[in-house]
Amino acid sequence: MPEDKTIQQLGLDEYKYGFRDPEEYFFKTPRKGIDPEIVAMISKHKNEPEWMLEYRLKALEAFYAKPTPQWGGDLSELDFDEIYYYIRPMENQGRSWDDVPDDIKNTFEKLGIPQAERETLAGVGAQYESEVVYHSLKEEWEKAGVVFMDMDSGLREHEDLVREHFGTIIPADDNKFSALNSAVWSGGSFVYVPPGVSIDIPLQAYFRINAENMGQFERTLIIADENSYVHYIEGCTAPTYTTNSLHSAVVELIAKPGARIRYSTIQNWSHNTYNLVTKRAVAHENATVEWVDGNLGSKLTMKYPAVYLVGEGARGEILSVAYAGDGQHQDAGGKIVHAAPNTSSLITSKSISKGTGRSTYRGLLKVHEGAVNAKSRVECDALLLDENARTDTYPYIEIEEKKVNTEHEATVSKVGEDQLFYLMSRGLSEEEAMAMVVNGFIEPIAKELPLEYAIELNRLIQLEMEGSVG
Amino acid sequence: MLKIENLHAEIDGQEILRGLDLEIGQGEIHAIMGPNGSGKSTLSNVLMGHPRYEVTDGAVTFFGQDIFELEADERAKLGMFLAFQYPSEVPGVSVANFLRTAVNSVREKELSPMEMYKLIQEKMRFLQMDPKFAERYLNEGFSGGEKKRNEILQMLMLDPKLAIMDETDSGLDIDALQVVSKGVNALRGPEFSALIITHYNRILRYIEPDHVHVMLDGRIVTSGQKELALQLEEKGYDWVRQEFGSAAQS
């Protein structure tokens, strides 16, 4: 391919911070910024069907038309013209661990994924440089008809399924960032679980951004067919960058009647990343959707996982934890819409703020008329680690039905002198005492995660508290 | 072992301790009795190093070391322990997890998880505590009696050289009081000293003190043997005020 050399030259920027592997690009857009030509180039490069190209171009129109949100966080420094919208690594996807290139293995090493864990990982979809490079799926899953692959492969191999569901939960023109993602999406996971199939071991995807100024626009679609169960987990750690970078994902979940989806994320973006993610799920009759969401790092995160309870007896749960250190703003929360009778929901949001960090809970609870016996509980707790830290709560509640039962509770607490003294009097240093209080505070969320993720979450928060993470 | 000389301390600019002297030898159990507001809890907090109290004069040494140069955790590592009157709640942190962290931070060599588990089980059995207690979040939703038992459990686990009991007996029923006393008596020996701070004589029926001191207005006004506690119970704190009040204020 003639463009290879140019691309590699482009990729060999100087690495000033963080750990990075030499970037060897297979394909990278020839310039920063976004226009119809770039979008067409991405689509053409992936050999996509015509309808996807049209979808992308229409989404681009919506992106131009939509204003940048003025609520939430400060987006004034985000420059859409300073971003590469598509980069694809040189290596193609591996089916087994042995097929994964060494430099990528090294990155996993640096991310601290223990070998034992890698081996027990039942299926790993690792998004690396905008693209999933490694997938392995346990044989019995394949036999059971479970599909777990990157979104691009999903589009190629399961075009009908993708076409039927893609963008139905989050339309391209839902908001400016969903429009952007719909225009330039790349990578992400596609999961389909057939009726009655339960996957006991979580599907896991590790990924990180690895190119300066590169937006990451992964697109995930999970379809759990009737009476099936799946737990999908993603965790990511990003190294430090010198200029602002953008992460803007779209995640759509569909839980058909009687199905249950649990989606767990721990995100730790570098401190100059804008993390602007649209996540939404629909739960049909007697289906359950649970979001477990940990937000660390980033300069600004705006993320409000949503569950639309559209079938009778559906249940939605959103558990989130956010840590805002110096200079960071975590604007996170959840949205629950009750649109059917006998539906229930729970939002538990925990935030920790330190120094000039600011955490915001922004949530919507909506009960449509006719959603009788809807039951909902919203609990948001904020923990302030010092005097300057800031927290705000914006709980929007719209209830059109009389026969409902809703509760809302918000608490703000400070790590107290007495609490620290108590722990220190037992031999813990001040830092250890503080970490213990914080770990206890997030325990209700951490205990919902598999053990290794819970440990990772605690470890990341401790590193952030020590200020040793760039 | 513990030597307190002319200790003055204040909180929020108000002087509470006004020249307190006390010396505790190794293996000795001392009781300090006094009415409300005499400065008993201030003394225990100052000895352990609560940051809200300010020491304005005097000196305290523990095995010859000036403790005012040390943070609370460093004092704990030297072998000092305070059983709190009002222990803080730490939601989300289990008693077992807390004990593991605390024990390993004061010990030179960490215990293996199995040794730790056995030790916790053993001490809990000794204090007649339900094994499930170890999985509860530290002091969250504990009854008064459970909090005090938990303090004693921590004391047994940490095996201190000096335990300061800050009104550990107040609000306890007889059963809980017996358990608390059992814990202190179990540690009693040539290597263990205790300072029992109390309003009432009751606990001293279960833990026999070697010395009894009476505190009033931030000082120790009189000292004696265990008979002094009985005398106090009979005559009441008004008698102390009449007898020693002027001395304390001079």
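On a predicted model such as this, the values are computed, not experimentally measured, just so you know.

## Side note on the overall build of chain A
Counting its regular elements, chain A contains 12 helices and 23 strands. Buried positions account for 53% of the 470 residues belonging to chain A. Considering only contacts within chain A whose residues lie at least 6 apart along the sequence, 83% involve residues at least 24 apart.

## Section: the overall build of chain B
Within chain B, the secondary structure is distributed over eight helices and 10 strands. Scaling as 2.2 N^0.38, a compact globule of 250 residues should have a C-alpha radius of gyration of about 18 Å, and chain B matches this with 18 Å. For chain B, the spread of C-alpha atoms along the three principal axes comes to 55 × 40 × 35 Å. Buried positions account for 43% of the 250 residues belonging to chain B.

## Concerning the sheet that holds strand E5 (residues 65-66) of chain B
All names here are of chain B. Taken together, four strands build an open sheet; the order of strands is E2-E1-E4-E5 and the sheet is antiparallel. The two strands at the open ends of the sheet, each matched to only one other strand, are strand E2 (14-24) and E5. As defined by bridge partners, strand E1 (residues 2-11) adjoins strand E4 (residues 53-62) across eight bridges and the pair is classed as antiparallel. For Ala9, the partnering residue across the bridge sits in E4 and is Val55.

## Digging into the interface of chain B and chain A
On the side of chain A, 18 residues touch chain B, which itself brings 23 residues to the contact. When the residues that make up the side of chain B that touches chain A are grouped by side-chain class, the tally is 13 nonpolar, six polar and four charged.

## Quick word on helix H1 (residues 40-48) of chain B
Residue and element names in this part refer to chain B. Where burial is concerned, most of H1 is hidden: eight out of the nine residues are buried. Those residues of H1 lying buried are Lys40, Thr42, Leu43, Ser44, Asn45, Val46, Leu47 and Met48. Where H1 ends, the next residue or the one after it, Gly49, has phi of about 100°, a positive value.

## A short note on the sheet that holds strand E8 (residues 193-198) of chain B
Residue and element names in this part refer to chain B. Reading across from one edge, E6-E7-E8-E3-E9-E10 is the order of the six strands in this open sheet, with mixed pairing throughout. What marks the edges here is a single partner per strand, and that holds for strand E6 (80-83) and strand E10 (219-224). Here the strands of the sheet are splayed against their neighbours by 20° on average, with no regard to which way each runs. Its contacts with the sheet put H1 on strand E3 (29-33), E6, strand E7 (162-166), E8 and strand E9 (211-216), and the angle it makes with E7 is roughly 145°. Set on the sheet, helix H7 (residues 226-235) makes contact with E3, E9 and E10; between it and E9 the angle comes to about 45°.

## Focus on the packing of helix H5 (residues 144-158) of chain B against helix H6 (residues 174-187) of chain B
All names here are of chain B. Contact geometry of H5 with H6 gives a least axis separation of 10 Å together with a crossing angle of 10°. When the axes of H5 and H6 are compared, the pair comes out roughly parallel. Of the residues in H6, those touching H5 at Gly145, Lys148, Arg149, Ile152, Met155 and Leu156 are Ala176, Val179, Val180, Gly183 and Ala186.

## Focus: the nonpolar core
Counting 184 residues, the largest nonpolar core has A:Val184, A:Val191, A:Ala255, A:Ile261, A:Ala281, B:Phe81 and B:Ile164 as its most contacted members. A domain-level breakdown of this core finds at least three residues from each of domain 1 (4-303) and domain 2 (417-470) of chain A.

## Comments concerning the confidence of the model for chain A
Residues with a pLDDT of 70 or more make up 77% of chain A, whose mean pLDDT is 81. The lowest-confidence element of chain A is helix H1 (residues 4-11) of chain A, averaging 34 in pLDDT; the highest-confidence one is strand E16 (residues 306-309) of chain A, averaging 98.

## A short note on the pairing of strand E14 (residues 288-297) of chain A
All names here are of chain A. Of all 10 residues in E14, 10 are buried; the element is thus mostly enclosed. Direction of pairing for strand E12 (residues 260-269) relative to E14: parallel, over a ladder of 10 bridges. Bridge assignment links Tyr263 to a residue of E14, and that residue is Trp291. The pairing of E14 with strand E17 (residues 315-324) spans eight bridges and is classified as parallel.

## Structural notes on helix H12 (residues 451-466) of chain A
All names here are of chain A. Taking 1.5 Å of rise per residue, 16 residues should cover 22 Å, and H12 covers 23 Å from first to last C-alpha, within 8% of that figure. Taken together, the buried positions of H12 are Tyr453, Glu456, Leu457, Leu460, Ile461 and Glu464. Buried residues along H12 cover an arc of 130° about the axis, so they all sit on one side. In H12, those exposed residues whose orientation departs by more than 90 degrees from the buried face are Leu451, Ile455, Arg459 and Glu466.

## A few points about the environment of A:Ala281
All names here are of chain A. In this structure, Ala281 sits in strand E13 (residues 273-283). For the pair formed by Ala281 and Asp386, sequence separation is 105 residues and the distance between their alpha carbons is 36 Å. In this structure, Ala281 is in contact with Ile169, Leu253, Ala255, Ile261, Val289, Ala306, Val307 and Tyr308, ignoring residues within four places of it in sequence.

## A closer look at the pairing of E3(B)
Strand residues, when the strand is regular, have side chains that alternate between the two faces of the sheet. All names here are of chain B. Most of E3 sits inside the fold, with five of its five residues counted as buried. Side chains Ile29, Ala31 and Met33 of E3 all project onto a buried face; the interleaved residues His30 and Ile32 project onto the opposite face, where all are buried too. Strand direction decides the pairing type here: E3 and E8, joined by five bridges, are parallel. Looking across to E8, one finds that Ile29 is bridged to Ala194.

Rules used in this analysis
Residues numbered from 1 in each chain as written. Chains lettered and ligands numbered in written order. Predicted model: local features only at pLDDT ≥ 70, side-chain atom pairs only at ≥ 80, totals over all residues. Helix = DSSP H or I, 4+ residues; strand = E, 2+ residues; numbered from the N terminus. Buried ≥ 20, exposed ≤ 12 C-beta atoms within 10 Å, placed from the backbone. Contact = placed C-beta atoms within 7 Å. Rg over C-alpha atoms; globule rule 2.2 N^0.38 Å. Pairing = 2+ DSSP bridges. Nonpolar A, V, L, I, M, F, W, Y, C, P; charged D, E, K, R; others polar. Axes fitted to C-alpha atoms, helices over the stretch in contact; angles between N-to-C directions. Parallel < 35°, antiparallel > 145°, perpendicular 65-115°, else oblique. Core = buried A, V, L, I, M, F, W, Y, C linked by C-beta atoms within 7 Å. Domains from an automatic or database assignment. pLDDT = per-residue confidence, 0-100. Expected span 1.5 Å × (residues − 1). Arc of directions from axis to C-beta.

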